[in-house]
Number of protein chains: 2
Amino acid sequence: MANNSKRWIEIEGSVTTPAGYRASAVCARIKPGSKRKDLALLVSDRPAVGAGLFTQNRVVAAPITVSERHLKGSAGKVQAIVVNSGNANACTGARGMKGAEKMTEEISRRLQLIPEATLIASTGVIGKSLPWSRINRAFPKLLSGLSHDGGESFSDAILTTDTCRKLSILRSKLGGQTVTVAGTAKGSGMIHPRMATMLAFITTDVAITAHLLREVLSESVAVSFNRISVDGDTSTNDSIFILANGASGCRKIIRRDTAFEHFKEGLLQVCISLARQIARDGEGAKKLITLEVRGSRTIAEAEQVARAIANSPLVKTALAGADANWGRIICAAGYSGASIDPSQVDIALNGLKVCRHGQATRFDEVLAKRLLERPDIRVDVNLHRGRASTTFWTCDLTEEYIRINASYRT
Amino acid sequence: MANNSKRWIEIEGSVTTPAGYRASAVCARIKPGSKRKDLALLVSDRPAVGAGLFTQNRVVAAPITVSERHLKGSAGKVQAIVVNSGNANACTGARGMKGAEKMTEEISRRLQLIPEATLIASTGVIGKSLPWSRINRAFPKLLSGLSHDGGESFSDAILTTDTCRKLSILRSKLGGQTVTVAGTAKGSGMIHPRMATMLAFITTDVAITAHLLREVLSESVAVSFNRISVDGDTSTNDSIFILANGASGCRKIIRRDTAFEHFKEGLLQVCISLARQIARDGEGAKKLITLEVRGSRTIAEAEQVARAIANSPLVKTALAGADANWGRIICAAGYSGASIDPSQVDIALNGLKVCRHGQATRFDEVLAKRLLERPDIRVDVNLHRGRASTTFWTCDLTEEYIRINASYRT
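The structure displayed is predicted, hence computed values, not measured ones.

Now for the overall build of chain A. In terms of regular secondary structure, chain A is built from eleven helices and 16 strands. Relative to its length of 410 residues, chain A is compact, with a C-alpha radius of gyration of 22 Å against a globular reference of 22 Å. Each principal axis of the C-alpha atoms in chain A carries an extent, and together these give about 70 × 55 × 35 Å. Classification of the 410 residues of chain A by burial places 64% in the buried group. Taking all contacts inside chain A whose residues are at least 6 apart in sequence as the whole, residues at least 24 apart take part in 81%.

In structure tokens, the structure reads:
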């Protein structure tokens, strides 16, 4: 596995960079008065293998129910994903379900596909009914706008309180063919490490079986999107989709061979990149915090500790204030549920050891402050109990998070 | 049990209002440069029965270890509690332990008690060593200041980022004698529903066995302090102490009879009052939020749902902004882990039904906004699954929480 990192090269582009994809986005005024693009469409020129992962919340938005059903009905022949922002279509009852169905049916009809060939995702406010007629009126322009350059416009239209577009595109050679994996995501609030925890859309021109695509997606999400947290809330709408249309002409991946590992490596890299971009752009966040928990008995134990630290508002506000308050970090580790021995714990902040054997080192406060003013903060926690470790990403918690969320609906 | 509420009357006073208690507080400059009172002492004139409940964090501050040991050694003859703010004496290793021991030994020596007769609690920053010499220099003044009017001064000295003193004093007749139960607490940050979750000190002149005192304290804390949450963090120093010195002259409670029930009723009322005061004064909070979760299968299920709602930053910021964003409430219920059926859930905010059967009602947004601008917000959630229910208290989450916590240590 030496030098794997060089097998995939980062390139500029979008979700329409892999061969055989087009996209488009328009403003349908889903949120009354808004002038942002809020309706987006991604289309594969040929039937693609599709897979999806969805929220674990008991309250599940209508588009998720529809997408899950469609994926079961057409895992080998997905061709479109329609996405709206500005309305989550969650807690909207039978009318909401009807709306999600109509959206997919109408797209499929206009693209001359079977109804199940279109998947759907929504994001926005919960409990408001979907403005179907405004959406329907926007469809002709959405369809006519489809283009191989439409990927960036797609990425913009799915955003809500995000401050920037999230993209990761990788290219490699697989069995002599040039293959591409591209992903885009929206995040910001309600980001929590339980399976799919935001919207993410991944396209590739690799050819692979539906079964292996589901497996590789699950395995990649487990160590990327499931290891980020913004605020501990799990949304009703979280979805990750991947389409693999085989348009690169590469040989189809049908078993867990070296080609599968090669593809997985690229997909994982895209997932981790998007997850980090989401954490960095958490609502109000100014800093990306990378937690490295080492020396645990098991990976699960490391995750338990990392999650408690990542979700502690006290840790996150301290790091917002560039305050080397490591006491809050060891405190969160202490209530994480893991059987840690506090007197064994070491903590370093951006390489500066601030706690050794559970006690303060004589560190330089001025230096610590300067290190913590950087936009990237690395928190190293060593439990000295074993050999397992994990990486987890979160962001700092600022006053801006409150400002955004105290008036999101209105 | 009819008309129980009238058996205990709320009165003005402090923890020195029950017979036979004195208190004192001084400024020992534990936090360099501070001019606040930060060292407090509570003394019972006669040996009292004592009980305590402590944090469930794996990282336990030195004063907790010392108090637990002393309670085991002298449950029937506690006479003093020394408390400091400004320094948690947590993660301070052998020196911290030595400091906590010296503090109790010195108080006991000066009061001519056995060492175990003094309990100790600390609150403040984690990982800084205790300024023993400054504390020791303050002891003479602390001791000489002891008075039957010292209770309010004690209540002030234990505060950190609290904006107000927390007190609850109740009086009743028990077997012909006037008895009093008085409590004071400090809260603000790191308040989370796992057992004792802040500092609280309760005094009473009732006579009771050590065993029954422990039982009645556990039972009362379970439905009061364990049902509040400010930010989901569990401190390393949380402690609740109760002293019962029998100075009222009432007959000693030695079994779970009507006198026991009578006393429990008063203690429970004090605990609930203090818990609510802590939630209302959560760091940066402007509003007390009372969650009533009903219609669950079990009390545990109701608590699971209430806790998820109470800990959701999105719910708490919405209520800070007087935004009737019930979608975030049902969303939190959905990821709580309880097997709720979203299509059965009703939600009311200050009496206004905003969600019926998991969907929006046609409520008046202007009225909702006005109702949510009140300092007291009641959130009613009915799961329609059973007959169990619970009450839980929390506060809104404001920009002020961030301001306080981004620079607490410095």
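Moving on, we get to helix α2 (residues 93–111) of chain A. Residue and element names in this part refer to chain A. End to end, α2 covers 28 Å across 19 residues, agreeing with the expected 27 Å (1.5 Å per residue, within 8%). Taken residue by residue, α2 has Gly 96, Gly 99, Ala 100, Met 103, Thr 104, Glu 106, Ile 107, Ser 108 and Leu 111 as its buried positions. Contacts from the buried residues of α2 go to β3 (39–54), α1 (62–73), β4 (78–85), β5 (118–123) and α3 (132–144). Just downstream of α2 lies Gln 112, where phi reads positive at about 55°.

This paragraph deals with the interface of chain A and chain B. Taken residue by residue, the interface counts 55 residues in chain A and 55 residues in chain B. At the surface where chain A touches chain B, the tally comes to two salt bridges. Among the salt bridges present, the one from Lys 128 of chain B reaches Glu 365 of chain A, with a minimum N-O distance of 3.9 Å. Across the chain A-chain B interface, the total number found is eight residue pairs in polar contact (both at pLDDT 80 or more). Broken down by secondary-structure element, the contributors of at least two residues to the side of chain A that touches chain B are α2, α8 (313–320), α9 (326–335), β14 (359–360) and α11 (399–405) of chain A. Residues of the side of chain A that touches chain B, tallied by class, amount to 23 nonpolar, 21 polar and eleven charged.

The subject of this paragraph is the pattern of salt bridges. Within this structure, the stated rule accounts for 42 salt bridges over all chains. When the shortest N-O distance is used, the salt bridge between Lys 166 of chain A and Asp 162 of chain A registers 2.9 Å. Taking the relative accessible area as the measure of exposure, Lys 166 of chain A reaches 0% and is therefore buried. Asp 162 of chain A sits in the buried class, given a relative accessible area of 9%. Arg 256 of chain B is the partner of Glu 215 of chain B in a salt bridge, and the nearest nitrogen-oxygen pair spans 2.6 Å. Here the residue Glu 215 of chain B occupies a position in helix α5 (residues 210–222), and Arg 256 of chain B occupies one in the loop between β10 (239–244) and α6 (258–280), the gap between them amounting to 41 residues. Where salt bridges share partners, they join Glu 215, Glu 219, Arg 256 and Lys 264 of chain A into one cluster.

Moving on to the sheet that holds strand β9 (residues 228–229) of chain A. Residues and elements named next belong to chain A. Reading across from one edge, β9-β16-β11-β15-β12-β13-β14 is the order of the seven strands in this open sheet, with mixed pairing throughout. Strands at the two margins of the open sheet, each flanked by one partner only, are β9 and β14. Against the sheet, helix α6 (residues 258–280) touches β9, β11 (288–296), β15 (376–382) and β16 (388–395), its axis set at about 45° to β16. Strands β12 (346–349), β13 (352–356), β14 and β15 of the sheet are contacted by α9, whose axis makes an angle of about 135° with β12.

A few words now on the sheet that holds strand β16 (residues 388–395) of chain B. All names here are of chain B. Taken in spatial order, the seven strands make up an open sheet running β9-β16-β11-β15-β12-β13-β14, and their pairing is mixed. Only two strands of the sheet have a single neighbouring strand rather than two, namely β9 (228–229) and β14 (359–360). Note: strand β11 (residues 288–296) against β16, seven bridges, orientation antiparallel. Within β16, the residue paired with Ile 289 across the bridge is Thr 394. Contacts from helix α7 (residues 299–311) reach β9, β11, β15 (376–382) and β16, with the element oriented near 20° to β16.

For the rest of this paragraph, the subject is the relation of the copies chain A and chain B. Mapping chain A onto chain B calls for a screw motion: a turn of 180° about the axis and a shift of 0.0 Å along it, with 0.0 Å RMSD after fitting. These values place the two chain copies in the arrangement generated by a two-fold rotation axis. It is Glu 399 of chain A whose C-alpha, among those of chain A, lies nearest the rotation axis, at 2.3 Å. Taken together, the interface assignments show that 100% of the residues at the interface of chain A recur at the interface of chain B, consistent with an identical surface on both copies.

What follows deals with the environment of Gly 86 of chain B. All names here are of chain B. Turning to its location among the elements, Gly 86 is positioned in the loop between β4 (78–85) and α2 (93–111). The spacing of Gly 86 and Ser 224 is 138 residues in sequence and 26 Å in space, taken between C-alpha atoms. Once residues within four sequence positions are removed from consideration, Gly 86 is found in contact with Ile 30, Lys 31, Thr 123, Gly 124 and Val 125.

All names here are of chain A. Most of β3 sits out of view: twelve of its 16 residues are buried. In this sheet, β3 lies alongside strand β2 (residues 21–26) in antiparallel orientation, the contact comprising six bridges. Directly across from Ala 23, in β3, lies its bridge partner Leu 42. Sheet topology places β3 next to β4; six bridges connect them, and they run antiparallel. In the sheet register, Val 43 faces β4, and the bridge partner there is Ala 80.

Here the focus is the packing of α5 of chain B against α6 of chain B. Residues and elements named next belong to chain B. The contact between α5 and α6 brings their axes to 9 Å, and the two run at 45°. Of the possible angle classes, the one that applies to α5 and α6 is oblique. Our pair here, α5 against α6, has a crossing hand that is right-handed. In contact with Leu 212, Leu 213, Val 216, Leu 217, Glu 219 and Ser 220 of α5, α6 contributes Phe 260, Phe 263, Lys 264, Leu 267, Leu 268 and Cys 271. Of the residues in the contact of α5 with α6, the class split is nine nonpolar, one polar and two charged.

Another point: the confidence of the model for chain A. All names here are of chain A. When pLDDT is averaged along chain A, the result is 91, and 94% of the positions lie at 70 or above. Mean pLDDT values for the elements of chain A range from 78 in α11 up to 98 in β2. Here residues 192–197 scores under 50 on pLDDT; set against residues more than four positions off or in separate chains, the count is 37 contacts. If you check the scores for this complex, the pTM reads 0.83 and the ipTM reads 0.78.

A word on the packing of α2 of chain B against helix α3 (residues 132–144) of chain B. Residue and element names in this part refer to chain B. Direction vectors running N to C along α2 and α3 enclose 25°, while the axes themselves pass 11 Å from each other. One finds that α2 runs roughly parallel with respect to α3. Note that α2 runs across α3; the crossing there is right-handed. Each of Gly 99, Lys 102, Met 103, Glu 106, Ile 107, Arg 110 and Leu 111 in α2 lies in contact with α3, whose residues at this interface are Trp 132, Ile 135, Asn 136, Phe 139, Pro 140, Leu 142 and Leu 143.

With that settled, consider the packing of aromatic side chains. Across all of its chains, the model carries eight aromatic pairs over all chains by this definition. Between Trp 132 of chain B and Phe 139 of chain B, the ring centres sit 6.1 Å apart and the planes meet at 70°, which makes this aromatic pair edge-to-face. Classification of Phe 139 of chain B by relative accessible area gives buried; the value is 0%. Clustering of aromatic rings is evident, with ring pairs tying together Phe 54, Phe 154, Phe 201 and Phe 241 of chain A.

The rules behind each value
- Residues numbered from 1 in each chain as written.
- Chains lettered and ligands numbered in written order.
- Predicted model: local features only at pLDDT ≥ 70, side-chain atom pairs only at ≥ 80, totals over all residues.
- Heavy atoms only, no water.
- Helix = DSSP H or I, 4+ residues; strand = E, 2+ residues; numbered from the N terminus.
- Rg over C-alpha atoms; globule rule 2.2 N^0.38 Å.
- Buried < 20%, exposed > 50% of the residue type's maximum accessible area, 1.4 Å probe, protein only.
- Contact = heavy atoms within 4.5 Å.
- Expected span 1.5 Å × (residues − 1).
- Salt bridge = Lys/Arg side-chain N within 4 Å of Asp/Glu carboxyl O.
- Polar contact = N/O pair within 3.5 Å; in protein donor to acceptor, adjacent residues only side chain to side chain.
- Nonpolar A, V, L, I, M, F, W, Y, C, P; charged D, E, K, R; others polar.
- Pairing = 2+ DSSP bridges.
- Axes fitted to C-alpha atoms, helices over the stretch in contact; angles between N-to-C directions.
- Least-squares fit on C-alpha atoms with pLDDT ≥ 70 in both.
- Parallel < 35°, antiparallel > 145°, perpendicular 65-115°, else oblique.
- Left-handed = near helix turned anticlockwise from the far one by under 90°.
- pLDDT = per-residue confidence, 0-100.
- Phe/Tyr/Trp six-rings, centres within 6.5 Å; stacked < 30°, edge-to-face > 60°.

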